[in-house]
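Per-entry structural report
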Amino acid sequence: MKPIFILFSLLILIGCNKKAPNSQDLNSPIASKNSKSQLIDLSHAFSDKTIYWVTAQEFHLDTVFHGETNKGYYYSANNFSTAEHGGTHIDAPIHFSKNGQTVDEIPLENLIGEAIKINVSTKSLNNPDYQISIEDFTNWEKKEQIQIPKGSIVLLQTGFSKYYPNKLKYLGTDKRGEEAVKLLHFPGLSAEAAEWLVKNRKIHAIGIDTPSIDYGQSQYFKSHVILLSQNIPAFENLTNLEQVPEKGFKIIALPMKIKGGSGAPLRIVAVLNN
Ligand SMILES: [Zn+2]
């Protein structure tokens, strides 16, 4: 009995070993048992605290059912409603570009890939009207001794997510409506730097930890127009950027696939290889 048992065990082991490489191939290294990847959630949760553009409809969650049913099982379901542009979300190219991609048309290559981070928080935390400059990009390149890699997802850290969800600190105003637009103060990307990026560095997407890629005092949303008209989507209201390095990590950014949408709520994660 014993030798047969050993042979049987060996067969099981061989079977397992054969399966292991397949399952590793199918799943990304993130799921691999031996991987040391670390996942950082760069998304704010959606709730009645979620920050929206001052003219946009806020997030609502209505309970459909919550509790024990008369058949004896537990059941929970809600309805939600939201503007496309609020909380952690994506701006699809069509948001500011007539012929741009809608959110369902954005290629996955623009949403998943190698990323870099540029931290300007020492400047922007002292100046809510700070606009990220060409020099911020060239300084990053000098420090890291590489060009912003082709096809990168570029994340801009202003440090403003630490104020979220305090509207007064994060947006510059807790008022809402058309009148509140001119009261907005938060940092963003300058039009010159957006122009420099699209002309000189072929990036796949851009993200920022403020409500908008253009700074709060912007009137013409030029950085939106420049980036989105090149089909470069923008991720807004990001968080936890202080937890990601300057380079050598990946981003997975998967928005809700709204057909024809100009934007959508976004779940975005950084994958760090330690
Ligand atoms: Zn937006």
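The structure contained in this document is the topic of the report that follows. None of the values given here were measured: they were computed from a predicted structure.

Among the nonpolar cores identified, the biggest contains 25 residues, and Ile118, Phe137, Ile148, Val154, Leu156, Leu189 and Ile206 are the most heavily contacted of them. Breaking this core down by element, the ones donating at least two residues are strand S5 (112-119), helix H3 (134-144), strand S7 (153-157), helix H5 (191-200), strand S9 (205-208) and helix H6 (222-228). Here the element with the most residues in this core is H5; it accounts for six residues. Excluding its chain neighbours within four sequence positions, the residues that come into contact with leucine 189 are Gln131, Ile132, Phe137, Leu156, Ala194, Ile206, Ile213, Asp214, Ser223 and Leu227.

For a metal with four tetrahedral donors the ideal donor-metal-donor angle is 109.5 degrees, while six octahedral donors give ideal angles of 90 or 180 degrees. With distances of 1.9 to 2.5 Å, the protein atoms coordinating the zinc ion are His85 (ND1), His89 (NE2), Asp91 (OD) and Glu236 (OE). Along the chain, the residues donating to the zinc ion fall in the pattern H-x3-H-x1-D-x144-E. In this pair, aspartate 91 sits in strand S4 (residues 89-91) while glutamate 236 sits in strand S10 (residues 234-236), placing the two residues 145 residues apart along the sequence. Grouping residues by exposure puts aspartate 91 and glutamate 236 together as buried.

With respect to the element layout, asparagine 110 can be found in the loop between S4 and S5. Apart from the residues lying within four places of it in its own chain, the contact partners of asparagine 110 are Ile153, His204, Ala205, Asn231, Pro233 and Phe235.

As a packed pair, H3 and H5 sit with axes 8 Å apart at the nearest point and diverge in direction by 50°. Relative to H5, H3 is oriented oblique. Here H3 contributes Ile134, Phe137, Thr138 and Glu141 to the contact with H5, which in turn contributes Glu192, Ala193, Trp196 and Leu197.

For the structure shown, the criterion picks out nine aromatic pairs. Seen from their ring centres, tryptophan 53 and phenylalanine 186 are 6.3 Å apart, and the 80° between their planes marks the pair as edge-to-face. Residue tryptophan 53 is located in the loop between strand S1 (37-41) and strand S2 (60-68), and its partner phenylalanine 186 is located in the loop between helix H4 (167-171) and strand S8 (188-189); the two are separated by 133 residues in the primary sequence. The class for phenylalanine 186 is buried, based on a relative accessible area of 0%. Ring geometry for tyrosine 164 and tyrosine 170: centres 5.1 Å apart, planes at 85°, overall edge-to-face. Three or more aromatic residues joined by ring pairs form one cluster here, namely Trp53, Phe96, Phe186 and Phe221.

For the rest of this paragraph, the subject is a nonpolar patch on the surface. A surface patch of nonpolar side chains, about 390 Å² in accessible area, is lined by Val64, Phe65, Tyr73 and Tyr75. As for its position among the elements, tyrosine 75 is in strand S3 (residues 74-81).

Turning next to the layout of surface pockets. Its volume calculated, the largest pocket comes out at about 210 Å³. Lining the largest pocket are 18 residues, and of these Trp53, His85, His95, Pro211 and Glu236 sit closest to its centre. Residues of the lining of the largest pocket, tallied by class, amount to eight nonpolar, eight polar and two charged.

How each quantity is defined
Residues numbered from 1 in each chain as written. Predicted model: local features only at pLDDT ≥ 70, side-chain atom pairs only at ≥ 80, totals over all residues. Heavy atoms only, no water. Core = buried A, V, L, I, M, F, W, Y, C linked by side-chain atoms within 4.5 Å. Buried < 20%, exposed > 50% of the residue type's maximum accessible area, 1.4 Å probe, protein only. Helix = DSSP H or I, 4+ residues; strand = E, 2+ residues; numbered from the N terminus. Contact = heavy atoms within 4.5 Å. Donors = N, O, S within 2.8 Å, 3.2 Å for Na, K, Ca; no water. Axes fitted to C-alpha atoms, helices over the stretch in contact; angles between N-to-C directions. Parallel < 35°, antiparallel > 145°, perpendicular 65-115°, else oblique. Phe/Tyr/Trp six-rings, centres within 6.5 Å; stacked < 30°, edge-to-face > 60°. Patch = residues over 30% accessible without salt bridge, like charges linked within 9 Å, V, L, I, M, F, W, Y side chains within 5 Å. Areas by Shrake-Rupley, 256 points an atom, 1.4 Å probe, with all protein chains shown as cover. Salt bridge = Lys/Arg side-chain N within 4 Å of Asp/Glu carboxyl O. 1 Å grid on protein atoms, 1.4 Å probe; cavity = no way out; pocket = protein on both sides within 12 Å on 5 of 7 lines; lining within 4 Å. Points joined across faces, edges and corners; volume = space filled by probe spheres on them. Nonpolar A, V, L, I, M, F, W, Y, C, P; charged D, E, K, R; others polar.

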